[in-house]
Amino acid sequence: MASILNHYANMKPLIYLIGCSIHKGGNSDTALEYAGEEAKKHGVRIRKFYLRDYEGRFSVLIKKIKKKATGIIFATPVYFGDCSSYLFEFLRECREENN
């Protein structure tokens, strides 16, 4: 058991950066880039994904996240005080995946 714990103690955390904007290169994408750069400065491994690339196939991304992610950072535009439809749909599928 101790060898397993030592193995995980030496691993760097893996953070998934998830862009939730429909538009490429907007403010949400810029914020995601910045978050990734800052995480790397602190020795964190990152993987970046954009929900617009997975439209209708979020379950593929959800399975990747469940297997490997230590944490998640979402970057979403705000529409009238609410998140993007991509993020809303992604979170709904996450909830269904866990039921």
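Residues numbered from 1 in each chain as written. Predicted model: local features only at pLDDT ≥ 70, side-chain atom pairs only at ≥ 80, totals over all residues. Heavy atoms only, no water.

Turning our attention to helix H3 (residues 58-68). Among the residues of H3, Phe58, Leu61, Ile62 and Ile65 are the ones counted as buried. Buried residues in H3, looked at end-on, bunch into an arc of 100°, giving them a common side. Exposed residues on H3 whose side chains face more than 90 degrees from its buried face are Lys67 and Lys68. In this structure, the buried residues of H3 make contact with strand E1 (14-19), strand E2 (45-50), strand E3 (71-75) and helix H4 (85-98). (Buried < 20%, exposed > 50% of the residue type's maximum accessible area, 1.4 Å probe, protein only. Helix = DSSP H or I, 4+ residues; strand = E, 2+ residues; numbered from the N terminus. Arc of directions from axis to C-beta. Contact = heavy atoms within 4.5 Å.)

This part covers the sheet that holds E2. The strand order across the open sheet formed by 3 strands is E2-E1-E3, and the pairing between neighbours is parallel. One side of each edge strand has no neighbouring strand; the edge strands of this open sheet are E2 and E3. Across the sheet, the mean angle from the axis of one strand to that of its neighbour is 20°, orientation sign disregarded. (Pairing = 2+ DSSP bridges. Axes fitted to C-alpha atoms, helices over the stretch in contact; angles between N-to-C directions.)

Together, Arg47, Arg57, Lys63, Lys64, Lys66, Lys67 and Lys68 line one region of the surface with positive charge. Here the element with the most residues in the positive patch is H3; it accounts for 5 residues. Within the secondary structure, Lys64 sits in helix H3. The class of Lys64 is partly exposed, set by a relative accessible area of 35%. (Patch = residues over 30% accessible without salt bridge, like charges linked within 9 Å, V, L, I, M, F, W, Y side chains within 5 Å. Areas by Shrake-Rupley, 256 points an atom, 1.4 Å probe, with all protein chains shown as cover. Salt bridge = Lys/Arg side-chain N within 4 Å of Asp/Glu carboxyl O. Lys, Arg positive; Asp, Glu negative; His and termini not counted. Charge placed at Lys NZ, Arg CZ, Asp CG, Glu CD.)

Another aspect to go through is the pattern of salt bridges. A complete count under the given rule lists 5 salt bridges for this structure. Among the ionic pairs, Glu38 bridges to Lys41, the shortest N-O distance being 3.0 Å. Placement of the pair is Glu38 and Lys41 together in helix H2 (residues 27-41), with a separation of 3 residues, close to one helical turn. A relative accessible area of 25% means that Glu38 is categorised as partly exposed. By relative accessible area, Lys41 is classed as exposed at 62%. Residues participating in the shared-partner salt-bridge network are Glu89, Arg92 and Glu96.

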